[in-house]
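Single-letter residue listing:
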Amino acid sequence: MIKFSLTFRLSLGKRKKNDTDKEVIVKESSRTSAQIPSKQPTEGRTTENLFRRHSDRLIERTRKEGHASCASNYGTAVRSFMKFLGRDDIPVTQISGAMMKRYELWLRDNGISRNTSSCYMRSLRSLYNKVSHATHTRNRNPFDGIFTGNEKTMKRAVGENVISKIAALVLPPDTHLCLSRDLFLFSFYAMGMPFIDVAHLKKSQIKDGVLTYYRQKTGTKVQVRMESCMQDIMDRYGSPSSPYVFPILRDGTTASETTLRYCSALSYHNRLLKKIGCLAGLERPLTTYVARHSWASAAYKDGVNINVIAQALGHTSSETTRTYVRDLDSSQIFQANRKVLKGIKYLPLYKRRDTIKRHYILQAKGTHY
């Protein structure tokens, strides 16, 4: 703080005391102050701990590190929060539990589902923790009591008969509609491969009949054996001049351009999938998630172990996988219980009563059996 005061006075003596010079001096002194890290919480220095300014830097860093999906979630949450506030930025010190509760109610009143709200809150919480640490601001835990879990949603999986119906649709070749249908099928055929990984899939990732990719979301390694149905789709869209398997991304573009192109492609792809779902006569909207959930449910119904399914999906925990297969038909649960009970030896109730009665009669006579 001593260095800050001396610098300010020297600058003031060298310059004329007009409004313009004062503004320049204040800016210079702010930069000088910013160079002196404070070990104590900075409660009042709002020019140093603006939430969005620091969040934007974190988002850009996250994107450069290859986590485009996470960066996109961060950006969406911040924009929504700023829209609620009606301003461009806010000091970290002003973010409180009461404010986040009002924001949660505002999301609900604007038709945002509870799970989407939870996604926003988790992103904001992560950014808040990082920004408060970077700015040495006391963490007030404003997300305590805010819903950040996952509420049971409408079943996303469809049966194998629906997948077959989608595959049998006669669509105009060389159209975006046909491409979206084939990308959906490829995702299902490749053990529920996420669309972001399908979009980034390169030819070099396929060797000796095995497709290998690292999930963009978690970095988990997943390997898929190539099947003829997958190869057929790849042959339909492969271009000798592109390193990518599908015509979604372009080679030679910057990371930010690739991210923008992917986000645009994802939005358009989901819109086309809704049309495809209507053509197939589905009551629920078809999305990229449906292919993933459908493969998990089909594998589980066929008796594949939950841990094997988790590995195939690239999940770091089998608990995540359980949310994919939790909506099984009751008949399957009944059949499972019957298999368990089949190994249990028991006497029908009427026979047990006769046995007990006979036991007491013989006991009264002093005999045993």
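One structure accompanies this document, and this report is about it.

For the rest of this paragraph, the subject is the overall build of the chain. A count of helical and extended segments in the chain gives 16 helices and three strands. Sorting the 369 residues of the chain into buried and exposed places 37% on the buried side. Within the chain, contacts between residues at least 6 apart in sequence are counted, and of these 58% link residues at least 24 apart. Here the chain has roughly 22900 Å² of accessible surface; of this, 52% comes from carbon and sulfur atoms.

Moving on, we come to helix H8 (residues 176–189). Between the first and last C-alpha of H8 there are 20 Å, a value that for 14 residues agrees with the 20 Å anticipated at 1.5 Å per step. Among the 14 residues that make up H8, 12 are buried, leaving the element largely enclosed by the rest of the structure. Inspection of H8 places Leu-177, Cys-178, Leu-179, Ser-180, Arg-181, Asp-182, Leu-183, Phe-184, Leu-185, Phe-186, Ser-187 and Phe-188 among the buried residues, and these make up the whole buried set. Packed against the buried residues of H8 are helix H7 (160–167), helix H9 (195–199), strand E2 (210–214), helix H10 (228–237), helix H11 (255–279) and helix H12 (288–301). Met-191 occupies a position one or two residues after H8 and carries a positive phi of about 60°.

Summed over all chains, the structure comprises one cavity of 30 Å³ or more. Quantified by volume, the largest cavity comes out at close to 30 Å³. Every residue lining the largest cavity is listed: Leu-183, Phe-184, Ser-187, Phe-195, His-269, Leu-273, Thr-288 and Ala-291. Elements supplying a minimum of two residues to the lining of the largest cavity: H8, H11 and H12. Taken together, the residues of the lining of the largest cavity break down into five nonpolar, three polar and no charged.

The next thing to look at is the pairing of E2. Pairing between strand E1 (residues 206–207) and E2: two bridges, direction antiparallel. Looking across to E2, one finds that Lys-207 is bridged to Val-210. Taken together, E1 and the strand that follows it, E2, pair antiparallel across an intervening segment of two residues, in which Asp-208 is found at a positive phi of about 55°. Of the strand pairs in this sheet, E2 and strand E3 (residues 221–225) are connected by five bridges, and their pairing is antiparallel. The residue of E3 that forms the bridge with Leu-211 is Val-224.

All right, on to the pattern of salt bridges then. All told, the structure shown has seven salt bridges when counted by the stated rule. Glu-60 serves as the salt-bridge partner of Arg-63, at 3.2 Å between the closest nitrogen and oxygen. With a gap of three residues between them, Arg-63 and Glu-60 both fall in helix H3 (residues 51–64), about one helical turn apart. By relative accessible area, which is 32% here, Glu-60 ends up partly exposed.

With that out of the way, let us pick up the sheet that holds E3. In spatial order, the strands read E1-E2-E3; together these three strands make up an open sheet with antiparallel pairing. One side of each edge strand has no neighbouring strand; the edge strands of this open sheet are E1 and E3.

Before going further, it helps to examine the pairing of E3. Alternating residues of E3 divide into Val-222 and Val-224, all buried, and Lys-221, Gln-223 and Arg-225, none buried. Hairpin connection from E2 to E3: six residues lie between these consecutive antiparallel strands, with Gly-219 at a positive phi of about 80°.

Let's shift gears to the packing of aromatic side chains. This structure, assessed with the given rule, holds 11 aromatic pairs. Ring centres 5.2 Å apart and planes at 65° place the aromatic pair Phe-81 and Tyr-103 in the edge-to-face group. Of the two residues, Phe-81 is situated in helix H4 (residues 68–85) and Tyr-103 in helix H5 (residues 97–109); the sequence distance between them amounts to 22 residues. Tyr-103 carries the same exposure label as Phe-81, and that label is buried. Aromatic pair Phe-188 and Tyr-189: ring centres 6.3 Å apart, planes at 70°, arrangement edge-to-face. Tyr-189 sits in the partly exposed class, given a relative accessible area of 25%. Three or more aromatic residues joined by ring pairs form one cluster here, namely Phe-51, Phe-81, Phe-84, Tyr-103 and Trp-106.

Now for the state of the cysteines. Using the criterion set out here, one finds zero disulfides in the structure. With no disulfide partner, Cys-70 has as its closest neighbouring cysteine sulfur the one in Cys-119, 9.4 Å distant.

To continue, consider H5. For H5, spanning 13 residues, the distance from its first C-alpha to its last is 18 Å, which sits close to the expected 18 Å at 1.5 Å a residue. When H5 is considered as a whole, its buried residues turn out to be Met-99, Met-100, Tyr-103, Glu-104 and Leu-107. Projected onto a plane normal to the axis of H5, the buried residues spread over an arc of 140° and lie on a single side. Of the exposed residues in H5, the ones pointing more than 90 degrees away from its buried face are Arg-108 and Asp-109. Buried-residue contacts for H5 involve H4 and helix H6 (114–134). Looking at the residues trailing H5, positive phi occurs at Gly-111, about 80°.

Viewed as axis vectors pointing N to C, H4 and H6 meet at an angle of 95°, and their least axial separation amounts to 9 Å. What the angle tells us is that H4 and H6 run roughly perpendicular. Mapping the contact onto sequence places Asn-73, Tyr-74, Thr-76, Ala-77, Val-78, Ser-80 and Phe-81 in H4 and Tyr-120, Ser-123, Leu-124, Ser-126, Leu-127 and Lys-130 in H6. Here the contact of H4 with H6 is built from residues that sort into seven nonpolar, five polar and one charged.

Each value, and the rule that gives it
- One numbering rule holds for all chains: residues counted from 1, following each sequence as written.
- A pLDDT threshold of at least 70 governs which residues receive local features in this predicted model, and a stricter bar of 80 or more applies before side-chain atom pairs are shown or counted, although totals over entire chains, interfaces and linings include all residues.
- To get the side-chain values, take all heavy atoms of the structure and skip hydrogens and water.
- Elements are defined by DSSP. Helices are runs of H or I of four residues or more, strands are runs of E of two residues or more, and each kind is numbered from the N terminus.
- Relative accessible area decides the class of each residue, using a 1.4 Å probe on protein chains only: under 20% of the type maximum gives buried, over 50% gives exposed, and in between gives partly exposed.
- Residue contacts are counted whenever heavy atoms from the two residues lie within 4.5 Å of one another.
- Note on areas: Shrake-Rupley with a 1.4 Å probe; residue coverage comes only from the protein chains shown.
- To estimate the expected span of a helix, count its residues, drop one, and scale the result by 1.5 Å.
- Only protein atoms enter the 1 Å grid used here, on which a cavity is any set of points holding a 1.4 Å probe that cannot leave and a pocket is any open set flanked by protein within 12 Å on both sides along at least five of seven lines; residues with an atom within 4 Å of a point are listed as lining.
- Grid points are joined across faces, edges and corners, and a volume is the space filled by probe spheres set on the points.
- Only Asp, Glu, Lys and Arg are considered charged in this grouping, and only Ala, Val, Leu, Ile, Met, Phe, Trp, Tyr, Cys and Pro are considered nonpolar; every other residue, Gly among them, is considered polar.
- Strand pairing is assigned whenever DSSP detects at least two bridges linking the two strands.
- Think of a salt bridge as a Lys or Arg side-chain nitrogen and an Asp or Glu carboxyl oxygen that are within 4 Å of each other.
- Ring pairs shown here join Phe, Tyr and Trp side chains whose ring centres sit within 6.5 Å, with only the six-membered ring taken for Trp; geometry is labelled stacked below 30 degrees between planes, edge-to-face above 60, and tilted in between.
- We call a pair of cysteine sulfur atoms a disulfide whenever their separation is within 2.5 Å.
- Taking the helix axis as origin, the arc is that swept by the directions to the C-beta atoms.
- For every element, the axis is a line fit to its C-alpha atoms; helices are fit only across the contacting stretch, and the angle between N-to-C directions ranges from 0 to 180 degrees.
- For classification purposes, an angle smaller than 35 degrees is called roughly parallel, one larger than 145 roughly antiparallel, one from 65 to 115 roughly perpendicular, and anything else oblique.

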